[in-house]
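# Structural description and commentary
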Amino acid sequence: MQFPESEEMKMSPESYPFVVRPLPYEYDALTPVLEEETLHFHHDRHYKTYVDNLNSVLADYPELQKMSLEQLLTKLDKLPVQIRTAVRNNAGGVYNHELYFDSMKENCGQEPSGALAEALERDFGTYQNWKELMRQAAVSQFGSGWAWLVADEEGKLIILQTPNQDVPDLQLYRPLFLVDVWEHAYYLQYQNRRADYVEGWFGLIHWRKADRRYEEALHRMDKGWSHQSHQAGVAAAT
Ligand SMILES: [Fe+2]
């Protein structure tokens, strides 16, 4: 994934060794929905642990060290079987957290805009209807996991759930944003009240950035993204 503007938290486009990306805002920017302490624990400890673990897993596999996060995640079945689960969990943990942190901003009444706003209406009827379905996906995800808004190869918007640190099939879907429903994302403030955390999260969605991701996805579709992504992954894995 490539984002054109420097204000954005880059999605680790590089390869091994992966680095912890700083938040694209201050630790207190998302209060009161997400307090400073929650973000420190989540970003500085949980996310960092996935970065450290991924580097540790890849340390003994120089042939895999040129692969990007996306290539690792789309070629899991080509990786040595003994590290496949560890890469799945930790590369997924890095990818998911970077997109999650990068998909939020301070709550200032932002709303869907641009092509994404039109697509939300086309595919879900109304924003409120989309919000209700997204809320259900986040709240009903059993155990730890994520709820996603993604675009398919034709630009249709789809809500997905993934367990643990799993990532949707990146050859079929372009993620626009996601919400972390692991307890570590909200327990310090909300304890077991996941629904309250999710309700607050809706106000933090960085819609302008999500629209840019959607337009980038549409652009890539015009150029046959699925084929390109597949070829890039094959090239890197061989
Ligand atoms: Fe998390």
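Parameters and conventions
- Residues numbered from 1 in each chain as written.
- Predicted model: local features only at pLDDT ≥ 70, side-chain atom pairs only at ≥ 80, totals over all residues.
- pLDDT = per-residue confidence, 0-100.
- Contact = placed C-beta atoms within 7 Å.
- Buried ≥ 20, exposed ≤ 12 C-beta atoms within 10 Å, placed from the backbone.
- Helix = DSSP H or I, 4+ residues; strand = E, 2+ residues; numbered from the N terminus.
- Pairing = 2+ DSSP bridges.
- Axes fitted to C-alpha atoms, helices over the stretch in contact; angles between N-to-C directions.

### Description of the confidence of the model for the protein chain
The pLDDT averaged across the protein chain works out to 90; a share of 89% of its residues lies at or above 70. When the criterion is pLDDT under 50, residues 1–8 qualifies, and its contacts beyond four places in sequence or with other chains add up to 9 contacts. Across residues 229–238 the pLDDT falls below 50, and counting only partners more than four positions away or on other chains, this stretch makes 14 contacts in the model.

### Thoughts on the pairing of strand β3 (residues 174–180)
With 7 of 7 residues buried, β3 is to be regarded as a mostly interior element. Bridge analysis of strand β1 (residues 145–151) against β3 gives 6 bridges, and the strand direction is antiparallel. From the neighbouring strand, Trp146 faces β3, where its bridge partner is Asp180.

### Concerning the sheet that holds β1
Here we have 3 strands laid out as an open sheet, ordered β2-β1-β3, and antiparallel in their pairing. Pairing within the sheet leaves two strands with one partner each, and these edge strands are β2 (157–163) and β3. Neighbouring strand axes in the sheet, compared pairwise and without regard to direction, differ in orientation by 25 degrees on average. Set on the sheet, helix α3 (residues 81–102) makes contact with β1 and β3; between it and β3 the angle comes to about 85 degrees.

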